[in-house]
Amino acid sequence: MLKQIVLANLLWPEIKISRPFLNGWFLEDIRFPAPGRLEFILSDDSQKVVLRAALRRGLRERAGTRNLSIRAGRLSGKKAEAAAFFLEVLKKNDRADFLFLNPTDFFKTHPLGIVLTVTHRCNLRCFYCFNSYDYPLDSRNALEDLSTAEVEELIDRLYEGGIRIIIFSGGEPFMRPDLERLVRHALKKKIYCILNTNGTIIEKKKIRRLARLPVHVMLSLHEFNDREAEAANGTKDSFSKKMEFVSLFRRFGGLYLEYATVLNPANIRRLERIYALAKTSLGPDNWQFYRLFETGNNPGSSAEEMIEAIDKISALNEAHGLDYGIVDSVPFCVHPDPDKAARVVTGELHDSHLVKLVSDPKANLKMMCSFESDVGNLKREELGEIWAKPFARKMIGLEFAPEECKRCGYFKNCCGGSRFAAYVSKKSYTAPDPLADFKHVQAR
């Protein structure tokens, strides 16, 4: 998913493909040597080439060369050929180009990133919370989390298993007093760290110390005034606190900030306010939208709501010169014009996340948040072992997708929508996504 060449999105391209990359070259690793900088290590059997990149802040245009400056040093021969091709792929910024990439054998059998849920606890009670499947929201603050030492050991094991991106999530990760220590532990290993927070815990010292680290903050923002926010999460002044968090993060020099919005009928109607906020001094480096999945507390997004969201995001992107998108698994055929959906729905490839799994606070590994099926436990099993289990391989290989989806010309990118939504709707991973409308599929 390479809609925008920024640090976060750059790390989840389609690097699963089996075709060789330029005469035997492989993407061997991605490293983060310093704030705002990253390195791509390409290799063949005999040599390596390091491409060094620097993020240019404050630019949201689609063109890769405007957001990322890359230099390969003085190269010649085969190394120069590899570097030139790789940089051209990035400049074109077309996710289909990543069909040419091929990871080493190690990364074929290990994911690159993980959502690490470090606590059950949260100070909000949002009706759309995806964790309501995993444990009752009214009792989660009494559940015991892993200790600092246990989480640090888990981070070590994840790094050894190939993890190069960790999203610290919850619950609310800022409720852990040791959050900074855990992030620093991961940074020492050159792991790229993303903090997924609701931004309502205003502890200035903690925000300042974390903002001065090379971290990426993903702040959930679903309502646009305190009244609506209180109705959704049961907490007073939560919208105002989020805006205070953003102001502090910016003031203390935070590297990268994006907003994450779960689409629901209220904020779909107010999408214009999202784009207005993006143009202010509190505007983010990126904004991502998420599908509202069915939970015990809500019925999930309807087809009509998703069509309205796609239409509005498409029109507002064009009007404002932005490139925001829906980054969850949504079938393109939900919309009468699947091409239009394909321009807005970037997806996370599909629910197996390919390079992004989810670990709950007890180190149980899932293919995505709220999946009933654990595929293993990171304290007892190696990541490669878990990744190789039959259920995981079937999810990764899209074997559960309906046959109608596999025959569709959009399948390569749409991947059949959400297997989680299919399971919730029909208790079957092979059922159609409830948003799918096969009248709109495109035959191959």
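Keep in mind the model is a prediction, meaning the values are calculated, not measured. (Residues numbered from 1 in each chain as written. Predicted model: local features only at pLDDT ≥ 70, side-chain atom pairs only at ≥ 80, totals over all residues. Heavy atoms only, no water.)

Draft legend 1. A look at the overall build of the chain. Of regular secondary structure, the chain possesses 18 helices and 14 strands. Here the chain holds 444 residues, and the buried ones make up 61% of them. Here the analysis covers contacts within the chain between residues at least 6 apart in sequence; of these, 68% occur between residues at least 24 apart. With the model as given, the accessible surface of the chain reaches about 17900 Å², and the carbon-plus-sulfur share is 50%. (Helix = DSSP H or I, 4+ residues; strand = E, 2+ residues; numbered from the N terminus. Buried < 20%, exposed > 50% of the residue type's maximum accessible area, 1.4 Å probe, protein only. Contact = heavy atoms within 4.5 Å. Areas by Shrake-Rupley, 256 points an atom, 1.4 Å probe, with all protein chains shown as cover.)

Draft legend 2. Region of interest: unusual backbone geometry. Cis geometry marks the peptide bond from Gly170 to Gly171; its omega dihedral reads 25 degrees. Locating Gly171 in the fold gives a position in the loop between strand S6 (165-169) and helix H6 (179-188). Positive phi values are uncommon outside glycine, yet Lys427 reaches one of about 55 degrees. Looking at the secondary structure, you find Lys427 in the segment after helix H18 (419-426). Accessibility expressed as a relative area gives 55% for Lys427, which makes it exposed.

Draft legend 3. Main features of the nonpolar core. Ranked by internal contacts, the top residues of the largest apolar core, which has 82 residues, are Phe168, Val183, Trp287, Phe289 and Ile326. If you tally residues by element for this core, the top one is helix H9 (residues 238-251), at 6 residues. Residues contacting Val183, with those up to four places away along its chain left out, are Phe168, Cys193, Leu195, Leu210, Leu213 and Val215. Ranked by size, the runner-up nonpolar core spans 17 residues in total, among them Val115, Leu124, Ala260 and Val327. (Core = buried A, V, L, I, M, F, W, Y, C linked by side-chain atoms within 4.5 Å.)

Draft legend 4. Examining the packing of aromatic side chains more closely. This model, assessed by the stated rule, comprises 11 aromatic pairs. Judged by centre distance (5.4 Å) and plane angle (45 degrees), the ring pair of Tyr275 and Tyr324 falls under tilted. Remark: Tyr324 occurs in the loop between helix H12 (303-320) and strand S11 (325-326) and Tyr275 occurs in helix H11 (residues 271-278); sequence separation between them is 49 residues. For the residue pair Tyr275 and Tyr324, the accessibility class agrees, reading buried in each case. Put simply, the rings of Tyr259, Tyr275, Trp287 and Tyr324 pair up and form one aromatic cluster. Cation over ring: Arg208 sits above Phe252, and NZ or CZ is 5.9 Å from the ring centre. (Phe/Tyr/Trp six-rings, centres within 6.5 Å; stacked < 30°, edge-to-face > 60°. Lys NZ or Arg CZ within 6 Å of the ring centre and 35° of its normal.)

Draft legend 5. Quick peek at the side chain of Glu381. Relative to the assigned elements, Glu381 resides in the loop between strand S14 (374-377) and helix H14 (383-387). In this structure the side chain of Glu381 is engaged in a polar contact, spanning 2.8 Å, whose partner is the backbone nitrogen of Asn377. Residues within four places of Glu381 in sequence aside, it is in contact with Arg157, Gly376, Ile386 and Lys389. (Polar contact = N/O pair within 3.5 Å; in protein donor to acceptor, adjacent residues only side chain to side chain.)

Draft legend 6. Fine view of the environment of Phe400. Counting through the fold element by element, Phe400 comes out in the loop between helix H15 (390-396) and helix H16 (403-406). Exposure remark for Phe400: the relative accessible area of 14% places this residue in the buried category. Once the C-alpha coordinates of Phe400 and Gly416 are considered, the two residues, 16 residues apart in sequence, prove to be 9.0 Å apart. Setting aside residues up to four positions removed in sequence, Phe400 forms contacts with Phe391, Lys394, Met395, Arg419, Tyr429 and Thr430.

Draft legend 7. Just the environment of Phe420, in detail. Note that Phe420 resides in helix H18. Separated by 11 residues in the primary sequence, Phe420 and Ala431 have C-alpha atoms spaced 9.9 Å apart.

Draft legend 8. Representation of the state of the cysteines. Tallying each qualifying case throughout the model produces 0 disulfides. Its sulfur unpaired, Cys333 is 6.2 Å from the next cysteine sulfur, which belongs to Cys414. (Disulfide = S-S within 2.5 Å.)

Draft legend 9. Region of interest: the side chain of Glu152. With respect to the helices and strands, the residue Glu152 is situated in helix H5 (residues 148-160). Once you skip the residues sitting within four places of it in the chain, Glu152 turns out to touch Arg181, Leu182 and His185.

Draft legend 10. Representation of helix H7 (residues 204-211) within the structure. Three or more residues of H7 are buried, namely Lys206, Ile207, Leu210 and Ala211. Angular distribution of buried residues about the axis of H7 spans 125 degrees; they occupy a single face of the element. Packing partners of the buried residues in H7 comprise H6, strand S7 (192-197), strand S8 (215-220) and H9. (Arc of directions from axis to C-beta.)

Draft legend 11. Spatial organisation of the confidence of the model for the chain. Predicted confidence across the chain gives a mean pLDDT of 77, with 70% of residues reaching 70 or more. Across the chain, H12 holds the top mean pLDDT of 95, while helix H1 (residues 7-10) sits lowest at 33. Per-residue pLDDT stays below 50 along residues 1-23; that stretch engages in 101 contacts with residues further than four places along the chain or on separate chains. The model gives residues 56-70 a pLDDT under 50, and that stretch makes 49 contacts with residues more than four places away or in other chains. (pLDDT = per-residue confidence, 0-100.)

Draft legend 12. Highlighting the environment of Val375. Assignment of secondary structure puts Val375 in strand S14. Given a relative accessible area of 6%, Val375 falls into the buried group. On a C-alpha basis, the gap between Val375 and Lys389 in space is 7.4 Å, while along the polypeptide they are 14 residues apart.

Draft legend 13. Structural context of the pattern of salt bridges. The full count for this structure, using the stated rule, is 19 salt bridges. With its nearest N and O atoms 3.9 Å apart, the salt bridge here joins Glu228 to Arg227. Glu228 sits in the buried class, given a relative accessible area of 13%. Using a relative accessible area of 62% as the deciding quantity, one classes Arg227 as exposed. Close ionic contact of Glu272 with Lys312 constitutes a salt bridge, the shortest N to O distance being 3.5 Å. You can see Glu272 sitting in helix H11 and its partner Lys312 sitting in helix H12, a full 40 residues away along the chain. Judged by relative accessible area, which is 19%, Lys312 ranks as buried. A single salt-bridge network, built from bridges that share partners, covers Glu180, Arg184 and Arg209. (Salt bridge = Lys/Arg side-chain N within 4 Å of Asp/Glu carboxyl O.)

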